[in-house]
Amino acid sequence: MTTGNNAMTEMRFDGQVAIVTGAGNGLGRAYALALAARGAAVVVNDIGISVGGDRESRRPANSVVDEIVAAGGRAAPSYGDVSKASGGQEIVATALTAFGRVDILINNAGVLDTAAFVTSSEESVDRVVRTHLLGAFNVTRPALKVMLDQGYGRIVSTSSGAVFGSKEGVAYQAAKSGLIAFTRAMRQIGAGSGVLSNAVMPTAFTRMTSDISDAGFRDFMESRFTPERVAAAVLLLAHESLDVSGECFLAGGGRMARVFLGVTQGHISQDPSPEEFRDHLHEIMDTDGYIVPSSRIEEFESYLPRMGYGASLSALVGTQAPPQK
């Protein structure tokens, strides 16, 4: 990963156009303001809903646009609904009409989900998945076409540390987990075309996390885990100097860390049975010698020699891909 010519070089976005969804408050607002302060023209997308998904208003998007313009920057509001394909097209069209191109897309729009799994309503599950996961689909598809045509683009999608698991908000966790695979797929699609895709897993004190009951911890979160501290990582992922793609990064409180999918060496049997796998479960679980594959093909290739197949699968990519569940 590169971060500029030297440690003192400011990372700028002059002449670039960024779309930030869910930019009327919290993290999205911080991203939009930071990008504009460093020279980007920003499409501030927000439909102005509560954290639970109610009450639409144009005020949040308009307010952030006004902040940017008052500071001497360029911005345009967008009220397209990311949960609809037409909304994604509308958001990208706003960028093209106002500024003529799309260089950066930050998929940030989201709604809160604290529902218990067995009692969550169908409507709640649909709203959460449609906003977080399909929202990224709906905006990225038209934006990616523009990026591929112009030979450049940066996509930053918002996953979550919630993917490590908790009892509540299962729809949210599932949608955020889907964005990990989405990010890795965008890496494959953008490879060789100047389009990079990464995901951020933010931790910040915002209106979606402001109901912390313990006063001491709440004060700590509010002072240390500001949205601006996450924005520092997101701007790196959105910058032209970045040279990694398909990765996920935790960001919050001044910390940035890579999250990766690793695969153990596992156990290979010539005559598999439940009993044999049971007897070799320690070997299956052992993380010594794990690998971090960059694609499904690479993971498949990693153990084929141990099965007696030594040829490369590179020539077969896209024609005879390995079976997937």
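Everything quoted here is computed from the prediction, not taken from an experiment.

Rules behind the numbers
Residues numbered from 1 in each chain as written. Predicted model: local features only at pLDDT ≥ 70, side-chain atom pairs only at ≥ 80, totals over all residues. Heavy atoms only, no water. Core = buried A, V, L, I, M, F, W, Y, C linked by side-chain atoms within 4.5 Å. Buried < 20%, exposed > 50% of the residue type's maximum accessible area, 1.4 Å probe, protein only. Helix = DSSP H or I, 4+ residues; strand = E, 2+ residues; numbered from the N terminus. Contact = heavy atoms within 4.5 Å. Salt bridge = Lys/Arg side-chain N within 4 Å of Asp/Glu carboxyl O. Axes fitted to C-alpha atoms, helices over the stretch in contact; angles between N-to-C directions. Parallel < 35°, antiparallel > 145°, perpendicular 65-115°, else oblique. Left-handed = near helix turned anticlockwise from the far one by under 90°. Nonpolar A, V, L, I, M, F, W, Y, C, P; charged D, E, K, R; others polar. Pairing = 2+ DSSP bridges. 1 Å grid on protein atoms, 1.4 Å probe; cavity = no way out; pocket = protein on both sides within 12 Å on 5 of 7 lines; lining within 4 Å. Points joined across faces, edges and corners; volume = space filled by probe spheres on them. pLDDT = per-residue confidence, 0-100. Right-handed = clockwise from strand over helix to strand, strands pointing away.

Visitor: I tried to follow the nonpolar core on my own but got confused; where do I start?
Guide: Soluble, globular proteins show a tendency: their nonpolar side chains are buried together. Core analysis: the biggest nonpolar cluster contains 36 residues, and L35, V42 and V44 have the highest contact counts within it. Among the secondary structure elements, those contributing two or more residues to this core are β1 (17-21), α1 (26-37), β2 (41-45), α2 (59-70), β4 (104-107), β6 (195-202), α7 (227-238) and β7 (248-252). Of all the elements, α7 adds the most residues to this core, at 8 residues. Setting aside residues no more than four positions away along its own chain, V44 makes contact with V20, A23, A32, A61, V64, V65, I68, A75, A76, P77 and S78. Residues V102, A136, V139 and A175 belong to the second largest nonpolar core, which totals 24 residues.

Visitor: Hey, could you run me through the side chain of T131 in this one?
Guide: On the secondary structure map, T131 appears in helix α4 (residues 122-150). For T131, a relative accessible area of 10% corresponds to the buried category. Not counting residues within four places of it along the chain, the set of residues in contact with T131 comprises V82, S83, A109, G110, V111 and A136.

Visitor: Just to check I follow, could you spell out the pattern of salt bridges for this structure?
Guide: Close approach of charged atoms allows side chains of opposite charge to pair. Tallying each qualifying case throughout the model produces 9 salt bridges. Among the salt bridges present, the one from D279 reaches R278, with a minimum N-O distance of 3.0 Å. The two residues D279 and R278 agree in class, both being exposed. Within this structure, E10, R12 and D14 form a network of salt bridges that share partners.

Visitor: Is there a simple way to explain the packing of α1 against α7 in this structure?
Guide: Helix packing geometry: the angle between the two helix axes and the distance between the axes. α7 packs onto α1 with a crossing angle of 55° between their chain directions and a minimal axis gap of 9 Å. By the criterion of interaxial angle, the relationship of α1 to α7 is oblique. Note on packing geometry: the crossing formed by α1 with α7 is right-handed. Contacts from G26, L27, A30, Y31, A34 and L35 of α1 reach α7 at P227, E228, V230, A231, V234 and L235. Residue classes in the contact of α1 with α7 are distributed as 10 nonpolar, 1 polar and 1 charged.

Visitor: What is the right way to read the sheet that holds strand β5 (residues 153-158) from this model?
Guide: The strands that make up a sheet pair up through hydrogen bonds in the backbone, lying either parallel or antiparallel. Taking strand neighbours across the sheet as the criterion, the 8 strands line up as β3-β2-β1-β4-β5-β6-β7-β8 in an open arrangement whose pairing is mixed. The open sheet has two edge strands, β3 (74-78) and β8 (255-259), and neither has a second partner. Taken over all neighbouring pairs, the strand axes of this sheet differ in orientation by 20° on average, direction set aside.

Visitor: Sorry if this is basic, but what is going on with the environment of H282 here?
Guide: Structurally, the position occupied by H282 is in helix α9 (residues 281-285). By relative accessible area, which is 66% here, H282 ends up exposed. With 16 residues separating them in the primary sequence, H282 and G266 have C-alpha atoms 9.0 Å apart.

Visitor: Sorry if this is basic, but what is going on with empty space enclosed by the protein here?
Guide: Sizing a probe to match a water molecule and rolling it over the atoms shows the empty space that remains. Following the criterion strictly, the structure yields 1 cavity of 30 Å³ or more and no others. Of the volumes computed, that of the largest cavity is approximately 70 Å³. Residue lining of the largest cavity: 13 residues in total, with N107, N108, A109, H132 and A136 positioned closest to the centre. Breaking the lining of the largest cavity down by element, the ones donating at least two residues are α4 and α5 (170-190). Considering only residue class, the lining of the largest cavity consists of 5 nonpolar, 7 polar and 1 charged.

Visitor: Is there a simple way to think about the packing of helix α3 (residues 85-99) against α4 in this case?
Guide: Between α3 and α4, the least distance of the axes is 7 Å, while the angle of their chain directions is 40°. The orientation of α3 with respect to α4, classified from their angle, is oblique. The way α3 lies across α4 gives a crossing that is right-handed. Packed against α3, whose contacting residues are A85, G88, Q89, I91, V92 and L96, the element α4 presents N138, V139, P142, A143 and V146 at the interface. In the contact of α3 with α4, the residues fall into 8 nonpolar, 3 polar and no charged.

Visitor: Got a minute to help me understand the confidence of the model for the protein chain in this structure?
Guide: Interpreting fine coordinate detail is not advised for predicted regions of low pLDDT. Here the protein chain shows a mean pLDDT of 90. Residues at 70 or above account for 89%. In the predicted structure, residues 1-5 sits below a pLDDT of 50 and forms 13 contacts with residues beyond four places in sequence or in another chain. Here residues 319-325 is modelled with pLDDT under 50, and outside its nearest four sequence neighbours on either side it reaches 7 contacts, counting other chains as well.

Visitor: How do you make sense of the environment of R141 when you look at a structure like this?
Guide: Looking at the secondary structure, you find R141 in helix α4. On the accessibility criterion, R141 (64% relative accessible area) is exposed. Along the backbone, R141 and Q89 are 52 residues apart, and their C-alpha atoms lie at a distance of 8.4 Å.

Visitor: Looking at this model, I keep getting lost on the pairing of β1. Mind explaining?
Guide: Moving residue by residue along a regular strand, the side chains alternate between the two faces of the sheet. With respect to burial, β1 is a largely interior element, 5 of its 5 residues being buried. The alternating pattern of β1 places V17, I19 and T21 and A18 and V20 on opposite faces, both of which are buried. Bridging between β1 and β2 involves 5 bridges; their strand directions are parallel. If you follow A18 over to β2, its bridge partner there is V42. For the handedness criterion, the β-α-β arrangement of β1, α1 and β2 is classed as right-handed. Relative to β4, β1 is paired through 3 bridges, and the arrangement is parallel. Its bridge partner being in β4, A18 is matched across the sheet by I104.

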